[in-house]
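What follows is each chain in one-letter form.
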Amino acid sequence: MNSFIAILAQALRMQPEGALCVAYSGGPDSTALLHALSELPLARARGLRALHVDHGLHAASHAWAEHCRQMAQEWGVPCLVLRVEVDHARGYGLEAAAREARYRAFALSLQPGERLLLGHHRDDQAETVLLKLLRGAGPEGLGGMRASRPLGEGTLWRPLLDVPRATLRAYVQERELPCIDDPSNADSRLSRNFLRHEVLPRLNQHWPQAVESIVHSARLSRAGAEALEQQWRHAMAELLDPATGSLDAAGWLALPHALRQPLLDHWLHARGLPAPTTVQREQIERQCRARDGQLPCIRWNGAELHVWKARLWALPPRRAIDPQWQACWQGEPLALPDGGSLLLEPAGQLTEALVVRLRQGGEQLRPAGDAHTRELRDLFQQSGMPPWRRLACPLLYADEELVGVGDRWLSTRGAQLFGTNRPHWQPAY
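Model, not experiment: these values are computed from the prediction.

Chemist: How should I be thinking about the overall build of the protein chain in this particular structure?
Modeler: Helix and strand content of the protein chain: 16 helices and 21 strands. When the backbone C-alpha atoms are referred to their principal axes, the protein chain occupies close to 85 × 45 × 40 Å. The burial tally for the protein chain puts 47% of its 429 residues in the buried class. Considering only contacts in the protein chain between residues 6 or more positions apart, those separated by 24 or more positions represent 65%. About 22000 Å² of surface is accessible on the protein chain, with carbon and sulfur atoms providing 51% of the total. Once the 48 positive and 47 negative side-chain charges of the protein chain are each reduced to a mean point, those two points are 4 Å apart.

Chemist: Even after reading the chapter, I still don't get the sheet that holds strand β11 (residues 311-315), so can you show me in this structure?
Modeler: Within a sheet, each strand pairs with its neighbour through backbone hydrogen bonds, oriented either parallel or antiparallel. Strand order in the open sheet formed by five strands is β7-β8-β11-β10-β9, with antiparallel pairing between adjacent strands. The sheet is open, and its two edges are formed by β7 (240-241) and β9 (297-300), each paired on a single side. Of the strand pairs in this sheet, β9 and strand β10 (residues 303-308) are connected by four bridges, and their pairing is antiparallel. Counterpart to W300 in the pairing with β10 is A303. Sheet strands touched by helix α12 (residues 257-270): β7, β8 (246-248), β9, β10 and β11. Its angle to β11, the strand with the most contacts, is close to 45 degrees. Of the strands in this sheet, β9, β10 and β11 touch helix α13 (residues 278-288), which is tilted by about 170 degrees from β9.

Chemist: Just checking my understanding: could you explain the packing of helix α2 (residues 28-38) against helix α8 (residues 165-175) for this structure?
Modeler: When two helices pack together, their arrangement is captured by the angle between the axes and the distance separating the axes. Between α2 and α8, whose axes approach to 9 Å, the crossing angle comes to 70 degrees. Taken as axis vectors, α2 and α8 run roughly perpendicular relative to one another. Regarding α2 and α8, the two cross each other, and that crossing is left-handed. Two secondary-structure elements touch here, α2 through P28, D29, A32, H35 and A36 and α8 through L168, R169, Y171, V172 and R175. In terms of residue class, the contact of α2 with α8 is made up of six nonpolar, one polar and three charged.

Chemist: I keep staring at helix α9 (residues 191-206) and nothing clicks. Help me out?
Modeler: Spanning 16 residues, α9 covers 21 Å between terminal C-alpha atoms, matching the ideal 22 Å at 1.5 Å per step. The sharpest bend along α9 measures roughly 40 degrees and falls at V199, with the proline P201 sitting one to four residues further on. Residues of α9 that are buried: N193, L195 and L200.

Chemist: Explain the sheet that holds strand β13 (residues 334-335) to me, please; I cannot follow it from the model alone.
Modeler: With antiparallel pairing, the three strands of this open sheet are ordered in space as β13-β14-β21. Each of the sheet's edge strands pairs with one partner strand only, and the pair in question is β13 and β21 (422-426). Relative to β21, strand β14 (residues 341-345) runs antiparallel, the two sharing five bridges. Directly across from L343, in β21, lies its bridge partner H424.

Chemist: Is there a simple way to think about the pattern of salt bridges in this case?
Modeler: Where charged atoms from two side chains of opposite charge come close, those side chains can pair. The final tally for this structure, using the stated rule, is 29 salt bridges. Between R165 and D124 there is a salt bridge; the shortest N-O distance is 3.7 Å. With R165 in helix α8 and D124 in helix α6 (residues 122-134), the pair connects residues that are 41 residues apart, well separated along the chain. Here R165 and D124 have matching classes, each one buried.

Chemist: Would you mind going over the pairing of strand β18 (residues 395-398) with me for this structure?
Modeler: Side-chain direction in a regular strand flips from residue to residue, so the side chains alternate between the two faces of the sheet. Side-chain alternation along β18 places L395 and Y397 on one buried face and L396 and A398 on a second face that is also buried. Two elements, strand β15 (residues 354-357) and β18, share three bridges in a ladder whose sense is antiparallel. By the bridge assignment for β18, V355 is matched with Y397. As judged from the four bridges shared by β18 and strand β19 (residues 401-405), these two strands associate in the antiparallel manner. The partner of Y397 across the bridge, within β19, is L402.

Chemist: Can you walk me through the packing of aromatic side chains in this structure?
Modeler: Ring pairs (aromatic) are described by centroid distance and by the angle formed between their planes. Under the defined criterion, the tally for this structure stands at eight aromatic pairs. Centre to centre, the rings of F380 and W409 are 6.1 Å apart; their planes meet at 50 degrees, and the pair counts as tilted. One end of the pair, F380, is in helix α14 (residues 376-383); the other, W409, is in strand β20 (residues 409-410), with 29 residues separating them in the sequence. Three or more aromatic residues joined by ring pairs make a cluster, and in this case those are W308, W313 and W388.

Chemist: I'm lost on the environment of N2 in this one. Help?
Modeler: Here N2 is to be found in the segment before α1 (3-13). Under the relative-accessibility criterion, N2 is labelled partly exposed at 21%. It is 8.7 Å that separates the C-alpha atoms of N2 and Y171, two residues lying 169 residues apart in sequence.

Chemist: Just to check I follow, could you spell out the environment of P16 for this structure?
Modeler: With respect to the element layout, P16 can be found in the loop between α1 and β1 (20-23). The exposure class of P16 is partly exposed, given its relative accessible area of 48%. In sequence terms P16 and Q230 are 214 residues apart; their C-alpha atoms lie 25 Å from each other. Not counting chain neighbours up to four residues away, the residues in contact with P16 comprise R46 and R115.

Chemist: What is the right way to look at the packing of α12 against α13 in this model?
Modeler: Where α12 meets α13, the axes come as close as 12 Å, and the angle between the chain directions of the two elements is 105 degrees. Taken as axis vectors, α12 and α13 run roughly perpendicular relative to one another. In this structure, α12 uses H257, R260, Q261, L264 and D265 to contact α13, whose residues at the interface are R281, I284 and E285. Classifying every residue of the contact of α12 with α13 gives two nonpolar, two polar and four charged.

Basis of the calculations
Residues numbered from 1 in each chain as written. Predicted model: local features only at pLDDT ≥ 70, side-chain atom pairs only at ≥ 80, totals over all residues. Heavy atoms only, no water. Helix = DSSP H or I, 4+ residues; strand = E, 2+ residues; numbered from the N terminus. Buried < 20%, exposed > 50% of the residue type's maximum accessible area, 1.4 Å probe, protein only. Contact = heavy atoms within 4.5 Å. Areas by Shrake-Rupley, 256 points an atom, 1.4 Å probe, with all protein chains shown as cover. Lys, Arg positive; Asp, Glu negative; His and termini not counted. Charge placed at Lys NZ, Arg CZ, Asp CG, Glu CD. Pairing = 2+ DSSP bridges. Axes fitted to C-alpha atoms, helices over the stretch in contact; angles between N-to-C directions. Parallel < 35°, antiparallel > 145°, perpendicular 65-115°, else oblique. Left-handed = near helix turned anticlockwise from the far one by under 90°. Nonpolar A, V, L, I, M, F, W, Y, C, P; charged D, E, K, R; others polar. Expected span 1.5 Å × (residues − 1). Bend = angle between axes of the 7 residues up to and from the residue. Salt bridge = Lys/Arg side-chain N within 4 Å of Asp/Glu carboxyl O. Phe/Tyr/Trp six-rings, centres within 6.5 Å; stacked < 30°, edge-to-face > 60°.

Worth remembering: the numbers are spatial, not functional.
So, in structure tokens, the structure goes:
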């Protein structure tokens, strides 16, 4: 048996039962992985299949997808092509946006208990660790890529992290396997390619064991990160409010730096948000010490973090809202400009159509049963409504009279108009 196939066979025997799915880009690494698995009866017995993601970013992407489908068919492996849209508008770089779209598609495609196998190898791991080092990462980042982690209803698995790139390329050459040559892989303007083509070859000339040493350091960092994880997870259980998803700012700030950083990253990632840079982390820490009455907000690509009521609140970037927006509403589900919604509960129709507007400033309302007319600003503050929701709160008007504010307050006339129904406001954030 070929030594590369033997490595895979041994890795499979050490894994729990479960179906196998290969992320097949058509490049040399995933080609070697998928072909070698197709030669293993053990892999076929576990329902081996392949997924190819067509990002639509290259003129030849459809041809690449067809190549992957045909090669997998030739090897007797089902191959599903997933076409995705890469979101350029979220502020990420193109590489990061494509990666996000790809992994989202993988997560949605995995069956319960299925393993998604990636062709990442030892040299990829060394590149990842160097990139993390140059970006100022701590133990978690310097631990490199994890061998496995949950993904969707299955598990992402990298069985080749200890295997050199040369072993995979030799397998492809010996078998004369056709591979896709993505021209972007030769573009040294991209950070990973610059390390691969310019930096690592020179390191290897001076330190022949450079890659092995980097990977060894990654293993030590991973072990350290896992030891720290036990501590910051315990701290998170005390700092996190499950009802609001917010963190105790003072408690977080009081943690040692080695726990503060991974806890923040995990909290953000659990909300589908990217981690901040080192500079932004420093801004967050400074703003946690801000005087009462200030409402700090730290923004970075794909996220914004508010410090409010001595807690940290993480949100996706807010949409730009036209303050002049308005709509007629009689109880039907209404989409609001921030992505939220307004509807009537129980479902039905009002006898009189209302006009829905957004806050301009200076509005007043006398809530039903209240002896005094209140400034809307004061009502918001007294009720504890988060500041980021106030501009998007739907205001309900009848004949130019403010009769309702979201689902929080109705005037006497508003209560009469709604009767036994009530407005239900679902904010976007």
